Amino acid sequence: MVMGLINANPVIHEKKERRVRQAPESTDENAVEPIDQLEIFDILLYDFPEHPYSLEQLNVVTEDSVELNDESNHVRVTFTPTVEHCSMATVIGLCIRVKLIRSLPPRYKVDIRVAPGSHSTEAAVNKQLNDKERVAAALENPNLLDMVEECLSPTFD
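First things first, this report covers the structure right here in the doc. Keep in mind that what you see is a predicted model, and the values were worked out from it rather than measured.

**A short note on the sheet that holds strand β3 (residues 109-114)**
Within the open sheet, the three strands sit side by side as β1-β2-β3. Their pairing is mixed. Two strands close off the open sheet at either side, each with one partner strand: β1 (66-69) and β3. Between one strand axis and the next, the sheet turns by 10° as a mean value, whatever way the strands run. Relative to strand β2 (residues 74-79), β1 is paired through four bridges, and the arrangement is antiparallel. Each residue of the ladder has a partner; that of V66, found in β2, is V77. The sheet strands contacting helix α3 (residues 122-129) are β2 and β3, and the helix crosses β3 at an angle near 160°.

Below is the structure:
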């Protein structure tokens, strides 16, 4: 997927120590299990499109950048591109959206945002990532869909 690196020397951050998730209190397998911020964050720990590092290692997504309201079934992820002029920002946001849509129950509304002030075309990227028709059209593009699939494919380190 590496065509021409936008950020050839990104800053790599240490992975943070994980909180231990508690087992569900209910043993009823038909009960709705609540989802927490850490679970959403864990879903997003896939490798970055341009580099062999995770979104966490590049500080594109942090646990604090994930907002969850489980009662109203709403998830918002605010991501920070590695450089202000990152041409991959829309692809990164699209990958985040697709990963969450595939991983979460359909009752969740997902909003994806670029962190304020972190990208030169922030408003345009946010508009593209949160417009259902634009997202659907992007995913109908075979080249773009291949990029998303490659980004979300599991890596076996």
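**As for the side chain of N126**
Among the secondary structure elements, N126 is positioned in helix α3. For N126, a relative accessible area of 12% puts it in the buried group. Discounting residues that sit within four places of it in the chain, N126 has contacts with I112, R113 and V114.

**Remarks on the pattern of salt bridges**
Tallied over the entire structure, the rule returns four salt bridges. Of the charged contacts, one joins E149 and R102 as a salt bridge, the two residues approaching to 2.5 Å between their closest N and O atoms. With a gap of 47 residues between them, E149 in helix α5 (residues 142-152) and R102 in helix α2 (residues 89-103) connect regions that are remote in the sequence. Relative accessible area serves as the criterion here: at 33%, E149 is assigned to the partly exposed category. A network of salt bridges, in which partner residues are shared, links R76, K109 and D111.

Quick notes on the rules
Chains are numbered independently. Their residues run from 1 in the order of the written sequence. Local features in a predicted model are, by the rule used here, given only for residues with pLDDT of at least 70; side-chain atom pairs are given and counted only at 80 or more, and totals for whole chains, interfaces and linings are based on all residues. Note that the side-chain values use all heavy atoms of the structure and ignore hydrogens as well as water. Strands were regarded as paired on the criterion that DSSP finds at least two bridges between them. Secondary structure elements are defined from DSSP: runs of H or I of at least 4 residues count as helices, runs of E of at least 2 residues count as strands, and each element is numbered from the N terminus. In this description, a line fitted to the C-alpha atoms serves as the axis of each element, helices being fitted only across the stretch in contact, and the angle between N-to-C directions of two axes falls anywhere from 0 to 180 degrees. Contact criterion: two residues are considered in contact whenever any of their non-hydrogen atoms come within 4.5 Å of each other. Note on classification: 1.4 Å probe, protein chains only; a residue is buried when its accessible area is under 20% of the maximum for its type, exposed when over 50%, partly exposed between these limits. Salt bridges are identified by distance alone: a Lys or Arg side-chain nitrogen within 4 Å of an Asp or Glu carboxyl oxygen.

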